[in-house]
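The lines below spell out each chain.
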Amino acid sequence: ERQRLANLSGLAFAFTEGVLVDAIKNGKWVLLDEVNLASAETLQRLCGLLDDSSASITLSERGDVEALERHPEFRLFAAMNPATDVGKRDLPSSIRARFTEFYVDELVDPIE
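Conventions used here
Residues numbered from 1 in each chain as written. Predicted model: local features only at pLDDT ≥ 70, side-chain atom pairs only at ≥ 80, totals over all residues. Heavy atoms only, no water. Helix = DSSP H or I, 4+ residues; strand = E, 2+ residues; numbered from the N terminus. Buried < 20%, exposed > 50% of the residue type's maximum accessible area, 1.4 Å probe, protein only. Salt bridge = Lys/Arg side-chain N within 4 Å of Asp/Glu carboxyl O. pLDDT = per-residue confidence, 0-100. Patch = residues over 30% accessible without salt bridge, like charges linked within 9 Å, V, L, I, M, F, W, Y side chains within 5 Å. Areas by Shrake-Rupley, 256 points an atom, 1.4 Å probe, with all protein chains shown as cover. Contact = heavy atoms within 4.5 Å. Lys, Arg positive; Asp, Glu negative; His and termini not counted. Polar contact = N/O pair within 3.5 Å; in protein donor to acceptor, adjacent residues only side chain to side chain.

Peer 1: Go over the overall build of the protein chain with me, naming the residues and quoting the values.
Peer 2: The number of helices and strands found in the protein chain is four helices and two strands. Listing every helix and strand of the protein chain by position from the N terminus yields α-α-β-α-β-α. Across the 112 residues of the protein chain, 21% fall into the buried class.

Peer 1: Any details on the pattern of salt bridges? Residues and values, ideally.
Peer 2: Per the stated rule, a full pass over the model turns up eight salt bridges. For arginine 98, the salt bridge goes to aspartate 51, with nearest N and O atoms at 2.3 Å. With a gap of 47 residues between them, arginine 98 in the segment after α4 (93–96) and aspartate 51 in the loop between α3 (40–50) and β2 (75–79) connect regions that are remote in the sequence. Taking the shortest distance from any N to any O, the salt bridge between aspartate 90 and arginine 96 comes out at 3.4 Å. One connected set of salt bridges, linked through shared partners, spans Glu17, Lys25, Arg62 and Asp64.

Peer 1: Any chance you could break down the confidence of the model for the protein chain for me, citing the residues and the numbers?
Peer 2: Residues of the protein chain with pLDDT of at least 70 account for 88%, and the chain-wide mean is 84. Mean pLDDT in the protein chain bottoms out at helix α1 (residues 2–9), which sits at 62, and peaks at strand β1 (residues 29–33), which reaches 95.

Peer 1: Describe unusual backbone geometry, naming the residues involved and giving the relevant values.
Peer 2: The residue glutamate 34 is not glycine, and still its phi comes out positive at about 55°. Within the secondary structure, glutamate 34 is located in the loop between β1 and α3.

Peer 1: How would you sum up a nonpolar patch on the surface? Please name residues and give values.
Peer 2: Residues Trp29, Leu31 and Phe77 make up a contiguous nonpolar surface patch of roughly 380 Å² in combined accessible area. Within the secondary structure, leucine 31 is located in strand β1. Given a relative accessible area of 56%, leucine 31 falls into the exposed group.

Peer 1: Describe in detail the environment of glutamate 69, supporting the description with residues and values.
Peer 2: Relative to the elements of secondary structure, glutamate 69 occurs in the loop between α3 and β2. Accessibility expressed as a relative area gives 71% for glutamate 69, which makes it exposed. In this structure glutamate 69 touches Ile24 and Lys25, once residues within four positions along its chain are discounted.

Peer 1: Outline the side chain of arginine 70, listing residues and values.
Peer 2: With respect to the helices and strands, arginine 70 occurs in the loop between α3 and β2. Buried within the structure, arginine 70 lacks any salt-bridge partner; aspartate 52 is the closest side chain of opposite charge, at an N-O distance of 5.8 Å. A polar side-chain atom of arginine 70 sits 3.4 Å from the main-chain carbonyl oxygen of aspartate 52. At 2.6 Å, the side chain of arginine 70 and the backbone oxygen of alanine 55 are in polar contact. Beyond its immediate stretch of four places on either side in the chain, arginine 70 contacts Ile24, Leu49, Asp52, Ser53, Ser54, Ala55 and Ser56.

Below is the structure:
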């Protein structure tokens, strides 16, 4: 009832699909840069996408009860700096274990 009244008064919120939802539906690639700086809540919501190659998420914020249909070409990449950098922290092991890791050494200018 409160939601109906809020709609009548013009104070309602509307869910707007973002780039992640678009990528899931249309088979695009997404890069999450500095993923280790994301909030715990955001990382928890991503877990559903990382379970396996057909996993998806349910947009409960929109009121959905069914998961989004995941396009087979959808890919999710993440990048982060080591937790040894100032202000950085490690990803929780439950999230980190869902990725394949590649370590890239610091690029050094050969003239230096």
